[in-house]
Amino acid sequence: MNESLEVLRIEKLCKDFSGLEILSGVDLIVKRGERHAVIGPNGAGKTTLFNIITGKYKPSSGRIYYRGRDVSGLSPDVLAQMGIARSFQITNVFQGLTVLENVLAGVRSKRGLKYSFFRRPVEQRELVERAKQIIEAVGLYDLMDRPVTSLAYGQQRALEIAITLSLDPHLILLDEPTAGMTREETKNVIELIDRITRGRTLIIIEHDMDVVFSLADTISVLHHGVIIASGSPEKIRNDQRVKDAYLGEE
Ligand SMILES: Nc1ncnc2c1ncn2[C@@H]1O[C@H](COP(=O)(O)OP(=O)(O)OP(=O)(O)O)[C@@H](O)[C@H]1O
């Protein structure tokens, strides 16, 4: 395999909480441009895996390589600056600010600028333009001067994706982006994710198998703390261990 195509390589990753082992030797490779879904039963450790990749938790043992560099145990800030972005939960954004102000805050933080720090007007204009482009891409252009609190649920999720994109990431991690959505909203947000993350690498945790099998080109199945299968949707659908452990008769 060509190493340069690997965005993420996880080797023998273990994590325990107070002696209770949640991840027991996860091996995972995510290639550039992949739409990679991580699936598995409730409590399998999917979110824990995300928390380790994004630096929120440190691994108990094992290594994580991002674009060829060992990033095991680095802080969330450093990893974000390196281009690993996790979708924001709307509860973490500035509720009183407008859509534009929130996305602008992301664009500024990517450039290492603080929220209230005024640059030369020309730079300021360039940042605002970039923020507007992203807002347009997620379909919120007409709402950009609205406060976050006035947005409908689906629109708030679109804003989360916009803020994630404002960090200009190489690797995007989305934890159940369709949770709590209606069928129609789910369809729209999946179409949106597919469109606006093209050319970037995506890892998604998702319980909705319709979403997984329509969006992902690679699926890894986490079960009892290890990846029991990884491959194309076709391969996963026909994998006997996966059927036994998780997909059942679906
Ligand atoms: N900070 C923590 N301290 C102690 N235990 C934790 C912590 N974070 C997660 N766990 C435990 O790790 C296990 C795996 O949780 P995790 O949220 O990673 O699973 P998941 O696969 O994302 O589940 P779900 O599909 O239900 O979201 C659970 O038993 C959970 O209680």
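One structure accompanies this document, and this report is about it. Just so it is clear, the structure is predicted and the values come from calculations on it, not from any experiment.

**Considering the overall build of the protein chain**
Inference 1: When its secondary structure is counted, the protein chain shows 9 helices and 10 strands.
Inference 2: Referenced to the eigenvectors of the C-alpha coordinate spread, the extents of the protein chain come out at roughly 55 × 40 × 40 Å.
Inference 3: When burial is assessed residue by residue, the protein chain has 50% of its 250 residues classed as buried.
Inference 4: Within the protein chain, counting contacts between residues at least 6 apart in sequence, those at least 24 apart form 66% of the total.
Inference 5: If the 33 positive side-chain charges of the protein chain are averaged to one point and the 33 negative ones to another, these points end up 6 Å apart.

**Description of the site of the ligand**
Inference 1: Around the ligand lies a shell of 13 residues, among which Gly43, Gly45, Lys46, Thr47 and Thr48 are the nearest.
Inference 2: Between the ligand and the protein, one listed contact pairs an oxygen atom with a side-chain N or O atom of Thr48 at 2.6 Å.
Inference 3: Bound to the protein, the ligand loses 60% of the 630 Å² it would expose on its own.
Inference 4: In terms of residue count, the dominant contributor to the shell around the ligand is helix α1 (residues 46–53) (3 residues).

**A look at the sheet that holds strand β1 (residues 6–17)**
Inference 1: The strand order β2-β1-β4-β5 describes an open sheet built from 4 strands, whose pairing is antiparallel. Two strands bound the open sheet, and with one partner strand each, they are β2 (20–31) and β5 (69–70).
Inference 2: Strand contacts of α1: β1, β2 and β4 (61–66), with the helix running at about 115 degrees to β1, the strand carrying the most contacts.

**Re the environment of Gly45**
Inference 1: Inspection of the secondary structure puts Gly45 in the loop between β3 (35–39) and α1.
Inference 2: Residues Gly45 and His223, spaced 178 residues apart in sequence, show a C-alpha to C-alpha distance of 8.2 Å.
Inference 3: Discounting residues that sit within four places of it in the chain, Gly45 has contacts with Ile22, Leu23 and Leu222.

**Description of the packing of aromatic side chains**
We describe a pair of aromatic rings using the distance from one ring centre to the other and the angle between the two ring planes.
Inference 1: Overall, the coordinates contain 1 aromatic pair when judged by the stated rule.
Inference 2: Taken together, a centroid distance of 5.4 Å and an interplanar angle of 80 degrees make the contact between Phe17 and Tyr57 edge-to-face. Placement of Phe17 in strand β1 and of Tyr57 in the loop between α1 and β4 is noted, with a sequence separation of 40 residues between them.
Inference 3: The ring of Phe213 has Arg237 sitting right over it, with the charged end atom 4.2 Å from the ring centre.

**Some thoughts on the environment of Leu171**
Inference 1: Mapped onto the fold, Leu171 is located in strand β7 (residues 171–175).
Inference 2: Along the chain, Leu171 and Ser87 lie 84 residues apart, while their C-alpha atoms are 11 Å from each other.
Inference 3: Contact partners of Leu171, with chain neighbours within four places excluded, come to Val7, Leu8, Tyr66, Gly83, Ile84, Ala85, Thr201 and Ile203.

**With respect to the nonpolar core**
Inference 1: Val103, Leu140, Leu159 and Ile219 are the most contacted members of the largest nonpolar core, which totals 47 residues.
Inference 2: With 6 residues, the top contributor of residues to this core is helix α5 (residues 153–166).
Inference 3: With sequence-adjacent residues up to four places away left out, Leu140 is seen in contact with Val99, Ile135, Gln155, Ala158 and Leu159.

**Some words on the sheet that holds strand β6 (residues 84–86)**
Inference 1: In space, the 6 strands of this open sheet follow the order β6-β7-β8-β3-β9-β10, with mixed pairing throughout. Of all strands in the sheet, those with a lone pairing partner are β6 and β10 (226–231), marking the two edges. Shown here is a sheet whose adjacent strand axes are inclined to one another by a mean of 20 degrees, direction ignored.

Parameters and conventions
Residues numbered from 1 in each chain as written. Predicted model: local features only at pLDDT ≥ 70, side-chain atom pairs only at ≥ 80, totals over all residues. Heavy atoms only, no water. Helix = DSSP H or I, 4+ residues; strand = E, 2+ residues; numbered from the N terminus. Buried < 20%, exposed > 50% of the residue type's maximum accessible area, 1.4 Å probe, protein only. Contact = heavy atoms within 4.5 Å. Lys, Arg positive; Asp, Glu negative; His and termini not counted. Charge placed at Lys NZ, Arg CZ, Asp CG, Glu CD. Near = heavy atom within 4 Å. Polar contact = N/O pair within 3.5 Å; in protein donor to acceptor, adjacent residues only side chain to side chain. Areas by Shrake-Rupley, 256 points an atom, 1.4 Å probe, with all protein chains shown as cover. Pairing = 2+ DSSP bridges. Axes fitted to C-alpha atoms, helices over the stretch in contact; angles between N-to-C directions. Phe/Tyr/Trp six-rings, centres within 6.5 Å; stacked < 30°, edge-to-face > 60°. Lys NZ or Arg CZ within 6 Å of the ring centre and 35° of its normal. Core = buried A, V, L, I, M, F, W, Y, C linked by side-chain atoms within 4.5 Å.

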